[in-house]
Amino acid sequence: MIALTFVASIMILFVTILQYREEAEDYHKKRLLRKEKAVKAHINSILENTSYEVKTEKLKYIFKVNGNMRGLSSISELSRIHKMPINLYDLNGNLIVSSLWQFKNNQHDSVRHLSPGILTAIDKSPNKRYVIKHNGKEGEYQSSFTYIYDKKFKPIAILNLPYLADSTFYKKELEEFLKNLATIYLIMFILAIFISYLLSRYITKSLNTVNHMLRQTSFSKENQKIILKNPNDEINQLIESYNQMVDKLEESAKKLAQTEREEAWRNMARQVAHEIKNPLTPMRLNIQSFQMTFDPDDPDIKQKFNDFSQMLIEQIDLMSKIASAFSDFAKMPQAQLLQNDLVAVVSSVLKLYDPRQVKFVSNKDQISFHFDKSQMQRVITNLVKNALQSVPDGREPDILVSIKDLNDKIIISVTDNGSGIPVEYQSRIFEPKFTTKSSGMGLGLAIVRKIVENHNGKIYFKTHQGEGTTFIIEFDKNYN
Ligand SMILES: Nc1ncnc2c1ncn2[C@@H]1O[C@H](COP(=O)(O)OP(=O)(O)OP(=O)(O)O)[C@@H](O)[C@H]1O
Ligand SMILES: [Mg+2]
């Protein structure tokens, strides 16, 4: 907008100056032509009334510089009447008379003799007229040359009217106009700056709000609608679409949460049933075979009964272990985020392990932030347990637990010298129930990931086949 006003003002300025100049030139051209006509008519009337013979040689007598007996026919008189200098030349370009007394004394050749160029130019021009422009001290001169004819229409002399194109008037008017124009445009310019400032502020402000809200929009939390005071049409449409989207998003999130919950419960129920059924079959078979082979008279019966009971108790214990593992996983309580010292919590867990096998380093003596103490203990326990289990037989375990307190995040890493995670398992190890161990439940890493996510952190790993694995957890300090 500002640029437009500026360019427009420059263009108008340019066109105006051009227009004024053209008009002034046109005016002077016409005025010179009018004067020329008048002077010529006057000269013709003098020639008609003179007693001299009308021919070139006599002209200097007819138009004597300072008048003659008849008084009115002097060239000075003519010049006074028509208010401009008048020169008469013969056909060869030599000055005959001039109203400017200086010319007589002035020996300047270009005035006393017309150049041959001018003579031919007059002759060649279709209307036998030639105008040259030159700049003098007082301004621009337009000097016109035409023939004076006798009665038989034979040229006898060249009339020269040096006309001073006085443009002071035009210039003044132009100046006045430009001043007004400048004032108007200055006001418009300031107005344009002001309006565009307001407009852009208004538009960018509402757009910024929309932008801010869009950035914050997320599927996992409740989104605020945008309410703006008197927005314009386009922005209003944008806001309306955004608000509609928020509504839809909320609806879908609700639906999704519902289905997710149902799905999770179905899965859990299926898994619990499966795990409990597993030991039930061997138990049933054992009871049946015991029933069939039961012989009260058998001398070993006491021993056999003891073995049988022992086996049943083991199976029942296993079932109870499975049940509690699942219930642990299912009823993972909401994290209690309290200010705790991570170094203290981790080292208290690691006390339970052989310090030659599990080492601990921290870049600070104390790292305090908000986390759930018991859940963090479970994380460390699970990771260290996995690390120890990953070390193949015959290799001395060398586990390193490290914590780093950096500017914006806290990093926990557990590195082992185990066998690494085979590529085909890498994408599945965090799934509940995924295990490669005969004794494992496959819940360890699933629990770890859930806890880490409850703390707005992330977990990932780096592994090298046969050399070991590092599990890395990052917590964002700004979150906790
Ligand atoms: N440090 C590790 N090195 C190599 N493999 C690992 C490591 N940690 C986990 N894994 C692999 O990931 C699988 C899943 O681990 P997760 O802790 O979830 O279950 P689990 O240890 O098998 O059983 P649970 O922890 O329930 O007793 C493991 O069976 C193992 O194959
Ligand atoms: Mg485990």
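Since the structure is predicted, the reported quantities are computational estimates derived from the model, not experimental observations. (Residues numbered from 1 in each chain as written. Chains lettered and ligands numbered in written order. Predicted model: local features only at pLDDT ≥ 70, side-chain atom pairs only at ≥ 80, totals over all residues.)

Asker: Lay out the overall build of the protein chain with the relevant residues and their values.
Answerer: When its secondary structure is counted, the protein chain shows 13 helices and 12 strands. For the protein chain, the C-alpha radius of gyration of 57 Å lies well beyond 23 Å, the compact-globule estimate for 480 residues. Overall size of the protein chain, expressed as C-alpha extent along the three principal axes, is 185 × 50 × 40 Å. (Helix = DSSP H or I, 4+ residues; strand = E, 2+ residues; numbered from the N terminus. Rg over C-alpha atoms; globule rule 2.2 N^0.38 Å.)

Asker: Help me get a handle on the sheet that holds strand 5 (residues 155-165), residues and values and all.
Answerer: Ordered in space as 2-1-5-4-3, the five strands form an open sheet in which the pairing is antiparallel. Only two strands of the sheet have a single neighbouring strand rather than two, namely strand 2 (95-98) and strand 3 (129-135). Strand-to-strand twist of the sheet, defined as the mean angle between neighbouring strand axes without regard to direction, takes the value 20°. As paired elements, strand 3 and strand 4 (residues 140-149) share seven bridges and run antiparallel to each other. Across the sheet, Arg-129 pairs through a bridge with Thr-146, a residue of strand 4. Against the sheet, helix 1 (residues 2-49) contacts strand 4 and strand 5, and its axis sits at roughly 140° relative to strand 5. (Pairing = 2+ DSSP bridges. Axes fitted to C-alpha atoms, helices over the stretch in contact; angles between N-to-C directions. Contact = placed C-beta atoms within 7 Å.)

Asker: Break down the domain arrangement of the protein chain for me, with residues and values.
Answerer: Domain boundaries in the protein chain define domain 1 (2-171), domain 2 (233-330) and domain 3 (338-476). On a C-alpha basis, the centroid separation for the pair domain 2 and domain 3 is 26 Å. (Domains from an automatic or database assignment.)

Asker: Describe the environment of Ser-438, listing the residues and the values that go with them.
Answerer: Within the secondary structure layout, Ser-438 lies in the loop between helix 12 (423-426) and helix 13 (444-454). Spatially, the C-alpha atoms of Ser-438 and Glu-48 are 143 Å apart, while their sequence positions differ by 390 residues.

Asker: Pulling in residues and values, what's your account of the nonpolar core?
Answerer: Grouped together as the largest cluster of nonpolar side chains are 29 residues, with contacts concentrated most on Ile-380, Leu-383, Val-384, Val-401 and Val-414. Counting only elements with at least two residues in this core, the list comes to helix 10 (342-350), helix 11 (373-390), strand 9 (399-405), strand 10 (409-415), helix 13 and strand 12 (468-476). For Val-414, the contacting residues outside a window of four places in its chain are Leu-383, Val-384, Ala-387, Ile-399, Val-401, Thr-470 and Phe-471. Counting residues in hydrophobic clusters, the runner-up holds 21 residues, among them Ile-148, Ala-157, Ile-158 and Tyr-163. (Core = buried A, V, L, I, M, F, W, Y, C linked by C-beta atoms within 7 Å. Buried ≥ 20, exposed ≤ 12 C-beta atoms within 10 Å, placed from the backbone.)

Asker: Run through the sheet that holds strand 10, naming residues and quoting values.
Answerer: Pairing within the open sheet is mixed, and its five strands lie in the order 7-9-10-12-11. Two strands bound the open sheet, and with one partner strand each, they are strand 7 (358-362) and strand 11 (457-464). This sheet shows a mean twist of 15° between the axes of neighbouring strands, independent of strand direction. Here strand 7 pairs with strand 9 via five bridges, running parallel. The residue bridging Val-361 from the neighbouring strand is Ser-402, located in strand 9. Taken strand by strand, helix 13 contacts strand 11 and strand 12, and its axis lies near 140° from that of strand 11.

Asker: Explain helix 3 (residues 75-82) residue by residue, including any values.
Answerer: Within helix 3 the residues assigned to the buried category are Ile-75, Glu-77 and Leu-78. Here the buried residues of helix 3 occupy an arc of 160° about the axis, which is enough to place them on one side. Against the buried residues of helix 3 lie helix 1 and strand 2. Positive phi shows up at Lys-83, right after helix 3, with a value of about 55°. (Arc of directions from axis to C-beta.)

Asker: Break down the site of ligand 1 for me, citing the residues and quoting the values.
Answerer: The full set close to ligand 1 counts 21 residues, and Ser-390, Thr-435, Gly-440, Gly-444 and Leu-445 are the nearest of them. The set of elements that each furnish at least two residues to the shell around ligand 1 consists of helix 11 and helix 13. For the shell around ligand 1, the leading source of residues is helix 11, giving four residues. Grouping the constituent residues of the shell around ligand 1 by class yields nine nonpolar, 10 polar and two charged. (Near = placed C-beta within 6 Å. Nonpolar A, V, L, I, M, F, W, Y, C, P; charged D, E, K, R; others polar.)

Asker: Let's hear about the packing of helix 1 against helix 7 (residues 168-216): which residues, and what values?
Answerer: Contact geometry of helix 1 with helix 7 gives a least axis separation of 9 Å together with a crossing angle of 170°. Relative to helix 7, the element helix 1 is oriented roughly antiparallel. Taken together, the residues of helix 7 that come into contact with helix 1 (itself represented by Ile-2, Thr-5, Phe-6, Ser-9, Ile-12, Leu-13, Thr-16, Ile-17, Tyr-20 and Ala-24) are Tyr-170, Leu-174, Phe-177, Leu-178, Leu-181, Tyr-185, Met-188, Phe-189, Ala-192, Ile-193 and Ser-196. Its residues placed into classes, the contact of helix 1 with helix 7 shows 17 nonpolar, four polar and no charged. (Parallel < 35°, antiparallel > 145°, perpendicular 65-115°, else oblique.)

Asker: Tell me what's going on with helix 10, and back it up with residues and numbers.
Answerer: Every buried residue of helix 10 is listed here: Leu-342, Val-345 and Val-346. One side of helix 10 holds all its buried residues, which, seen down the axis, span an arc of 90°. Check the buried side of helix 10 and you find it contacts strand 6 (338-341), strand 7, strand 8 (368-371), helix 11, strand 9 and strand 10.

Asker: Quick one: what's the story with the pairing of strand 5, residue by residue and with numbers?
Answerer: One ladder, built from three bridges, connects strand 1 (residues 87-89) with strand 5; its direction is antiparallel. Residue pairing for strand 5: Leu-88 is matched across the bridge by Leu-159. Sheet topology note: the strand 4/strand 5 ladder contains 10 bridges and is antiparallel. Each residue of the ladder has a partner; that of Ser-143, found in strand 5, is Pro-162. What sits between the antiparallel neighbours strand 4 and strand 5 is a turn of five residues, in which Phe-153 has the positive phi angle 65°.

Asker: Tell me about unusual backbone geometry, residues and numbers included.
Answerer: Even without glycine at this site, Lys-128 takes up a positive phi of about 50°. You can see Lys-128 is positioned in the loop between helix 6 (116-124) and strand 3.

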